[in-house]
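Chain by chain, the residues:
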Amino acid sequence: MSTIDDLPPLRAVIAAHGLSARKSLGQNFLLDLNLTAKIARQAGNLNDTDVLEIGPGPGGLTRGLLSEGARKVLAIEKDARCLPALAEIADRYPGQLQVIEGDALDIDPLEHLTPPIRVAANLPYNVGTELLVRWLTPATWPPFWQSLTLMFQREVAERIVAQPGSKAYGRLAVLSQWRTDARIVLSLPPDAFTPPPKVSSAVVHLTALPAPKYDADPAVLSRVVAAAFNQRRKMLRAALKGTAPDIEDRLIAAGIKPTDRAEQVPIEAFCALAREVAKG
């Protein structure tokens, strides 16, 4: 039996159900249940809290979340091979685990969860960034979630917490730090996973702020930042020329030098530029 519950160790679960991580689904399984419980603890106090988990696989993090006291876990899994293993966890925690087979990009978690809600996931690498951007850019704020505790490739995690002037600073840093307190809370080597990925991983914890740090329309800010960093080697007046016909004047009004490059611009200035662009 495992050290966190009376279910079998994950290696035995994977063998019993004939599971193997599929590269096409961006899967890498964490087998150390002590480590998955440690990741679950990074999400904070889970008592009286519902948790959304994406891509649970054989259920290592799922078991960690439930053993740490989550009121309910909604696990969305695209790989039908994993459903029998997750059903065994649901039997062990009656009424606390709901498993939905499907694509997380197509499912509204609010149809199944009750606030307060936290998100915790070892995200599949092929959809992780897209999910993060969706969670960071709802039309209204605060969002449905209190915090996000997410595992990424180390390079992606560093992009989320990067500061202006660094090579890692870009769209993810702006969108993350505009509305959340984002920090790396755990690092994991490749050999923590089966199969081992080629790169290290890291867990990022993002706490939703009551209000954005600076006023800006999320859709306009996303568009401006995406254009700016899509051509990050160009001066902003060139990178953003399709954003507004008088973009140079709007850059100056936002306190940005038209000759600056995107990585030189702090979040506050990007928000100011978004307000200028939104004027039409």
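Anything mentioned here points back to the structure above.
This report concerns the structure included in the present document. This one's a predicted model, so the numbers in the text were calculated from it and none came from an experiment.

What counts, and at which threshold
Residues numbered from 1 in each chain as written. Predicted model: local features only at pLDDT ≥ 70, side-chain atom pairs only at ≥ 80, totals over all residues. Heavy atoms only, no water. Buried < 20%, exposed > 50% of the residue type's maximum accessible area, 1.4 Å probe, protein only. Helix = DSSP H or I, 4+ residues; strand = E, 2+ residues; numbered from the N terminus. Pairing = 2+ DSSP bridges. Right-handed = clockwise from strand over helix to strand, strands pointing away. Core = buried A, V, L, I, M, F, W, Y, C linked by side-chain atoms within 4.5 Å. Polar contact = N/O pair within 3.5 Å; in protein donor to acceptor, adjacent residues only side chain to side chain. Contact = heavy atoms within 4.5 Å. Salt bridge = Lys/Arg side-chain N within 4 Å of Asp/Glu carboxyl O. Arc of directions from axis to C-beta. Phe/Tyr/Trp six-rings, centres within 6.5 Å; stacked < 30°, edge-to-face > 60°. Lys NZ or Arg CZ within 6 Å of the ring centre and 35° of its normal.

Here we look at helix α7 (residues 171-179)
Working step 1: For α7, a buried count of eight out of nine residues is recorded, marking the element as mostly surrounded by other parts of the structure.
Working step 2: Inspection of α7 places L172, A173, V174, L175, S176, Q177, W178 and R179 among the buried residues, and these make up the whole buried set.

Here we look at the pairing of strand β6 (residues 147-153)
Working step 1: Of all seven residues in β6, six are buried, a share of seventy percent or more.
Working step 2: In this structure, strand β5 (residues 117-122) lies alongside β6, joined through five bridges in parallel fashion. In the strand pairing of β6, A121 is matched with L150.
Working step 3: As for the winding sense of the linkage, the β-α-β connection from β5 through helix α5 (residues 128-136) to β6 is right-handed.

Focus: the pairing of strand β4 (residues 97-101)
Working step 1: Two elements, strand β3 (residues 72-77) and β4, share five bridges in a ladder whose sense is parallel. Counted as the bridge partner of A75 is V99 from β4.
Working step 2: Assessed by its sense of winding, the connection that carries the chain from β3 through helix α4 (residues 83-92) to β4 is right-handed.

Here we look at the nonpolar core
Working step 1: Counting residues in hydrophobic clusters, the biggest one holds 63 residues, and the most contacted among them are W135, L150 and F270.
Working step 2: At eight residues, helix α11 (residues 267-278) tops the list of elements feeding residues into this core.
Working step 3: One finds L46, L61, C82 and L86 within the second-largest nonpolar core, a separate group that totals 32 residues.

Side note on the side chain of R250
Working step 1: Following the sequence through the fold, R250 ends up in helix α10 (residues 247-253).
Working step 2: Since its relative accessible area comes to 10%, R250 is described here as buried.
Working step 3: In terms of polar contacts, R250 uses its side chain to reach the backbone carbonyl oxygen of V277, at 3.4 Å.
Working step 4: A polar side-chain atom of R250 sits 2.2 Å from the main-chain carbonyl oxygen of G280.
Working step 5: Excluding residues within four positions of it along the chain, R250 makes contact with A244, L273, E276, V277, K279 and G280.

Observations regarding the pattern of salt bridges
Working step 1: Across all of its chains, the model carries 12 salt bridges by this definition.
Working step 2: Between D103 and K78 there is a salt bridge, with the nearest N and O atoms lying 3.7 Å from each other. You can see D103 sitting in the loop between β4 and β5 and its partner K78 sitting in the loop between β3 and α4, a full 25 residues away along the chain.
Working step 3: Exposure remark for D103: the relative accessible area of 23% places this residue in the partly exposed category.
Working step 4: Two residues, R250 and D246, come together in a salt bridge whose shortest N-O distance is 2.7 Å.
Working step 5: By relative accessible area, which is 29% here, D246 ends up partly exposed.

Focus on α4
Working step 1: Residues of α4 that are buried: A85, L86 and I89. Seen end-on, α4 carries its buried residues on one side only, within an arc spanning 95°.
Working step 2: Next to the buried residues of α4 lie α1 (10-16), α3 (60-67), β3 and β4.

Details of the packing of aromatic side chains
Working step 1: Going through the model one piece at a time under the given rule, you end up with three aromatic pairs.
Working step 2: Measuring from centroid to centroid gives 5.7 Å for Y169 and F229, while their planes differ by 80°, and the two rings are edge-to-face. Within this pair, whereas Y169 is found in the loop between α6 (154-161) and α7, its partner F229 is found in helix α8 (residues 218-230), the two being separated by 60 residues in sequence. Accessibility assignment for this pair places Y169 and F229 in one class, buried.
Working step 3: A ring pair is formed by F229 and F270, whose centres lie 5.6 Å apart and whose planes are at 45°; its orientation type is tilted. Taken as a pair, F229 in helix α8 and F270 in helix α11 lie far apart in primary sequence, 41 residues in all.
Working step 4: By relative accessible area, which is 10% here, F229 ends up buried.
Working step 5: One aromatic cluster is present, formed by Y169, F229 and F270 through successive ring pairs.
Working step 6: Against the face of Y93 rests R92, its NZ or CZ located 4.6 Å from the ring centre.

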